[in-house]
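Structural description and commentary
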Amino acid sequence: MSSTRLLVLGVLNEGPRHGYEINQLVTAGALEQWTEVKAGSVYHALAKLETEGLAETHSEERTGDRLRRVYAITPEGRHALRDLLRKALSAPPHSTRSDFALALRWHALLDSGEARELVVASSQALDRRRAEIAAGRTAKAGLSPLADALFDNAEAHLAADAKLLEDIERLLDR
């Protein structure tokens, strides 16, 4: 499933928008941190959704020398959005799949100590991610109980990953 497709159809379901406006929502919400949505993918998604009949050009606005297309969701787009929602909400929120686990199998192929250094670097990146989550929680304080639940879940996953990395560092030290 395309996260961008879900986002664009969801936003269009709220009302007609142009691509720049949707990109601003992606940027303002820091969605790249939380989903697979990339701001640059919005325009491609809009064009594809229009080709598929799930979105249509609602109007065009002139802004200086630019002509912006305003898109709206079609009835078929609303149906597709509901299907995407069903699929997304019926799947686990986080995946346990990771190339990290696969790479651990052959860590000994790296130079002595290199695997541990990489795990330490992963741990440091995880610490930065935990700080980003904490800052995001502060910035979005009081948003909704659903948002709080998502932050709680993200923090729990990151805490579990931190514990795993600590354990792996200890095991690699042996």
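Calculation notes
Numbers given to residues run from 1 along each chain, matching the order in which its sequence is written. Given that the model is predicted, a residue must reach a pLDDT of at least 70 before its local features are reported, and side-chain atom pairs must reach 80 or more before they are shown or counted; all residues, however, enter totals for whole chains, interfaces and linings. In computing side-chain properties, one takes all heavy atoms of the structure into account and sets aside hydrogens as well as water. Two strands are said to pair when DSSP picks up at least two bridges between them. Secondary structure elements are taken from DSSP: a helix is a run of H or I of four residues or more, a strand is a run of E of two residues or more, and numbering for both begins at the N terminus. Residue contacts are counted whenever heavy atoms from the two residues lie within 4.5 Å of one another. Lines fitted to C-alpha atoms define the axes here, with helix axes fitted over just the stretch in contact, and angles between the N-to-C directions of these axes take values from 0 to 180 degrees. When an angle is under 35 degrees it counts as roughly parallel; over 145 it counts as roughly antiparallel; between 65 and 115 it counts as roughly perpendicular; any other value is oblique. Handedness of a helix crossing follows the sense of rotation of the near helix relative to the far helix, less than a right angle counterclockwise being left-handed and clockwise being right-handed. For salt bridges, the criterion is a side-chain nitrogen of Lys or Arg within 4 Å of an Asp or Glu carboxyl oxygen. Burial classes follow relative accessibility: with a 1.4 Å probe on protein chains only, a residue under 20% of its type's maximum area counts as buried, one over 50% as exposed, and anything between as partly exposed. A helix is expected to reach a length of 1.5 Å times the quantity of its residues less one. In the analysis that follows, any N or O atom pair within 3.5 Å is treated as a polar contact, provided that within protein one partner can donate a hydrogen and the other can accept it, and provided that, for residues neighboring in sequence, both atoms belong to side chains.

Of the pairings in the sheet, the one linking strand β1 (residues 17-18) to strand β3 (residues 66-73) comprises two bridges and is antiparallel in character. Opposite H18, over in β3, you have V70 as the bridge partner. Judged from the eight bridges that link them, strand β2 (residues 55-63) and β3 form a sheet pairing that is antiparallel. The residue of β3 that forms the bridge with E56 is A72. If you look at the hairpin formed by β2 and β3, you'll find two residues sitting between the two strands, and G64 has a positive phi there, around 65°.

Within the element layout of this structure, A115 appears in helix α7 (residues 114-139). Each C-alpha atom, one on A115 and one on H157, is 22 Å from the other, the two residues being 42 residues apart in sequence. Beyond its immediate chain neighbours, meaning those up to four positions away, A115 contacts H107, L110 and L172.

Take the packing of helix α1 (residues 3-14) against helix α5 (residues 75-89) next. Contact geometry of α1 with α5 gives a least axis separation of 10 Å together with a crossing angle of 130°. Classed by the angle they form, the pair α1 and α5 counts as oblique. Crossing of α1 against α5: the hand is left-handed. Packed against α1, whose contacting residues are R5, L6, L9, G10 and N13, the element α5 presents G77, R78, A80, L81, L84, L85 and A88 at the interface.

Moving on to the pattern of salt bridges. Taken as a whole, this structure holds 13 salt bridges when the rule is applied. Among the ionic pairs, E52 bridges to K48, the shortest N-O distance being 3.7 Å. Using a relative accessible area of 37% as the deciding quantity, one classes E52 as partly exposed. In this structure, the salt-bridge partner of K163 is D167, at a minimum N-O distance of 2.9 Å. With K163 and D167 both in helix α8 (residues 145-173), this residue pair falls four residues apart, about one helical turn.

What follows covers α1. With twelve residues, α1 extends 17 Å from end C-alpha to end C-alpha; this agrees with the ideal 16 Å at 1.5 Å per step. Buried within α1 are the following residues: T4, L7, V8, L9, V11 and L12. Its side-chain oxygen at 3.3 Å from the backbone nitrogen of T4, S2 defines the N-terminal cap of α1. Directly after α1, the chain includes G15, whose backbone phi takes a positive value near 155°.

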